[in-house]
Amino acid sequence: MVRKMSPEKVRAFPIDRQVFLVREVAAKLCNLHGETATSFWRAKASELLALVVGSGRDRTAASDEVRRFFLAVQREMSAGAVAETMPVLSA
């Protein structure tokens with residue numbers, strides 16, 4: 001027996017949980033500054049918003065998902081900054 005899933009029951013994996021994408025954007029933002037970083041983020045946010053809306057989410061839910069993605073990117077950037085400043089200890 002083959003079951004068909006209706007489109008209403010299929011959910012895309014949230015973008016803030018896509019670790020590779022979060023790390024990729026965080027790495028790019030770590031190397032950019034000022035207006036270049038701002039322009040990059042605005043373009044990426046627009047791209048992600050269109051992607052999430054295109055997957056069937058309403059615009060408000062999609063905006064919330066992009067905000068959560070940005071927070072995940074910020075956490076990743078902070079984690080990277082902490083890792084860079086920690087001294088390497090030997091026994």
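Preceding this section is the structure that the text describes.
**Looking at the packing of aromatic side chains**
Next up, step 1: One pass over the structure, following the stated rule, counts 2 aromatic pairs.
Next up, step 2: Measuring from centroid to centroid gives 6.1 Å for Trp41 and Phe69, while their planes differ by 10°, and the two rings are stacked. Placement of the pair is Trp41 in helix H2 (residues 34–54) and Phe69 in helix H3 (residues 59–85), with a sequence separation of 28 residues.
Next up, step 3: Residues Trp41 and Phe70 carry aromatic rings whose centres are separated by 4.6 Å and whose planes lie at 40° to one another, so their mutual orientation is tilted. Placement of the pair is Trp41 in helix H2 and Phe70 in helix H3, with a sequence separation of 29 residues.
Next up, step 4: Chaining the aromatic ring pairs together yields one cluster made of Trp41, Phe69 and Phe70.
Next up, step 5: Residue placement shows Lys28 over the ring face of Phe40; its charged tip is 5.9 Å from the ring centre.

**Topic: the nonpolar core**
Next up, step 1: The biggest cluster of nonpolar side chains holds 19 residues, and the ones touching the most others in it are Val25, Leu29, Trp41, Val66, Phe69 and Val73.
Next up, step 2: Within the residue set of this core, elements represented by two or more residues are helix H1 (19–30), H2 and H3.
Next up, step 3: Top element by residues in this core is H2. It accounts for 7 residues.
Next up, step 4: The contact partners of Val25, leaving out residues within four places of it in the chain, are Phe40, Trp41, Lys44, Phe69 and Val73.

So, how was this worked out
Residues numbered from 1 in each chain as written. Predicted model: local features only at pLDDT ≥ 70, side-chain atom pairs only at ≥ 80, totals over all residues. Heavy atoms only, no water. Phe/Tyr/Trp six-rings, centres within 6.5 Å; stacked < 30°, edge-to-face > 60°. Helix = DSSP H or I, 4+ residues; strand = E, 2+ residues; numbered from the N terminus. Lys NZ or Arg CZ within 6 Å of the ring centre and 35° of its normal. Core = buried A, V, L, I, M, F, W, Y, C linked by side-chain atoms within 4.5 Å. Buried < 20%, exposed > 50% of the residue type's maximum accessible area, 1.4 Å probe, protein only. Contact = heavy atoms within 4.5 Å.

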